[in-house]
Amino acid sequence: MQEILDASQPTDWRTPDNKNLLYLDLDSGRVLIELAPAFAPAHVANIRALAKNGYWNGMSINRSQDNFVVQWGDPAQEEKDRKPLGRGAKAKLPAEFARKTKGLPFDKLPDVDGWAPEVGFSSGFPAGRDPGADAAWMAHCYGTVGAGRDMAADSSNGTELYVVIGQSPRQLDRNITVVGRVLQGMELLSVLPRGTGPLGFYEQPSQRTPIKSIRLASEVPKKERVGIEVLRTDTPLFAELVEARRNRRDEWYKHMAGHIDLCNVPLPTRAPPPKPVVEKAKPKPRAKKPRSGAKPAGASKS
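**Concerning the overall build of the protein**
Step number 1: The helix and strand inventory of the protein stands at 4 helices and 16 strands.
Step number 2: The C-alpha radius of gyration computed for the protein amounts to 26 Å, which surpasses the reference 19 Å derived for 302 residues by more than 25%, pointing to a less compact arrangement than a globule.
Step number 3: Projected onto the principal axes, the alpha-carbon positions of the protein cover approximately 110 × 55 × 40 Å.
Step number 4: Put simply, the protein has 302 residues, and 45% of those count as buried.
Step number 5: Here the protein displays about 17,300 Å² of accessible surface, and carbon together with sulfur accounts for 52% of that area.
Step number 6: If you average the places of the 45 positive and of the 35 negative side-chain charges in the protein, the two averages end up 14 Å apart.

**Some words on the nonpolar core**
Step number 1: In this structure, Trp-56, Trp-72 and Leu-189 are the most contacted members of the largest nonpolar core, which totals 35 residues.
Step number 2: Of all the elements, helix H2 (residues 41-52) adds the most residues to this core, at 5 residues.
Step number 3: Ignoring sequence-local partners within four residues, the contact set of Leu-189 consists of Leu-24, Leu-26, Val-31, Ile-61, Val-70, Val-163, Ile-165 and Val-182.
Step number 4: The next biggest cluster of nonpolar side chains, apart from the first, holds 20 residues, and it includes Leu-109, Ala-116, Leu-237 and Cys-263.

**With respect to the environment of Ala-91**
Step number 1: Its location among the elements puts Ala-91 in the loop between strand E5 (69-73) and strand E6 (107-108).
Step number 2: For Ala-91 and His-43, which are 48 residues apart along the polypeptide, the C-alpha to C-alpha distance reads 11 Å.
Step number 3: In contact with Ala-91, other than residues within four places in its own chain, are Leu-85 and Asn-157.

**Topic: H2**
Step number 1: In this model, H2 (12 residues) spans 17 Å end to end at C-alpha, consistent with the 16 Å of a helix rising 1.5 Å per residue.
Step number 2: Here H2 has its buried residues at His-43, Val-44, Asn-46, Ile-47, Ala-49, Leu-50 and Ala-51.
Step number 3: Residue Gly-54 follows H2 closely and has a positive phi angle near 70°.

Conventions and cut-offs
- Residues numbered from 1 in each chain as written.
- Predicted model: local features only at pLDDT ≥ 70, side-chain atom pairs only at ≥ 80, totals over all residues.
- Heavy atoms only, no water.
- Helix = DSSP H or I, 4+ residues; strand = E, 2+ residues; numbered from the N terminus.
- Rg over C-alpha atoms; globule rule 2.2 N^0.38 Å.
- Buried < 20%, exposed > 50% of the residue type's maximum accessible area, 1.4 Å probe, protein only.
- Areas by Shrake-Rupley, 256 points an atom, 1.4 Å probe, with all protein chains shown as cover.
- Lys, Arg positive; Asp, Glu negative; His and termini not counted.
- Charge placed at Lys NZ, Arg CZ, Asp CG, Glu CD.
- Core = buried A, V, L, I, M, F, W, Y, C linked by side-chain atoms within 4.5 Å.
- Contact = heavy atoms within 4.5 Å.
- Expected span 1.5 Å × (residues − 1).

Quick look at the structure:
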């Protein structure tokens, strides 16, 4: 895989839009989350508003369920004790489990999937598609970010977010609104101590992981932003990468699988390569002007 990536060109990579990039800052480091407005426009708009309002700043990660998810939000149990959402954020949103296929780019994988008639990637997000039902949705792969809800389908508003840290729970597909995926920093979330309460919730406030802040990259000063590029999924190079993982030809492998699961396809990121230094042409020396009263060279004396 690395040999393929080493042969990539700048056009094989894309830079995420800072308006769709969340910085989740913990004491242990920074997690980068790319939002997916093409799949969940109402939730993404609400998350942007919540981030601008500093809604999650000072809150905590309240749940870490082994082989499933970590989740954060307001730990207060009573509605009266919960933090106000702030300007521009809505308390009620529609469920956004799936969307129409029209106008949605889709880079299809060659193999069958048990959870969808077709699977692939849409602008870098793992997704399922059912052409017959005219529906497409984001898949619950490792690193997927979703909006927690209660029993009612439309009971999520983006205030409670979770990240998949275990085996891909694809049974959640089309049953909950997915808002994005982690691009960088999964290791900071997957190693959190597991909660001992039901569903992995922490039983004591001291067990929770404090959140320093969650901000949109567009709201962060440029000097504090993280440079990152994501491999595009609509290029021949990505197709080559998928095939290399479907049929591992490394000497260690004795049997080629001829199949790859959607959630096992790697989605590489990298720091932007340094821009080449272009040396400026040295200015040509200017001809010296003769001093006042001096005769030009070659002039005859009177």
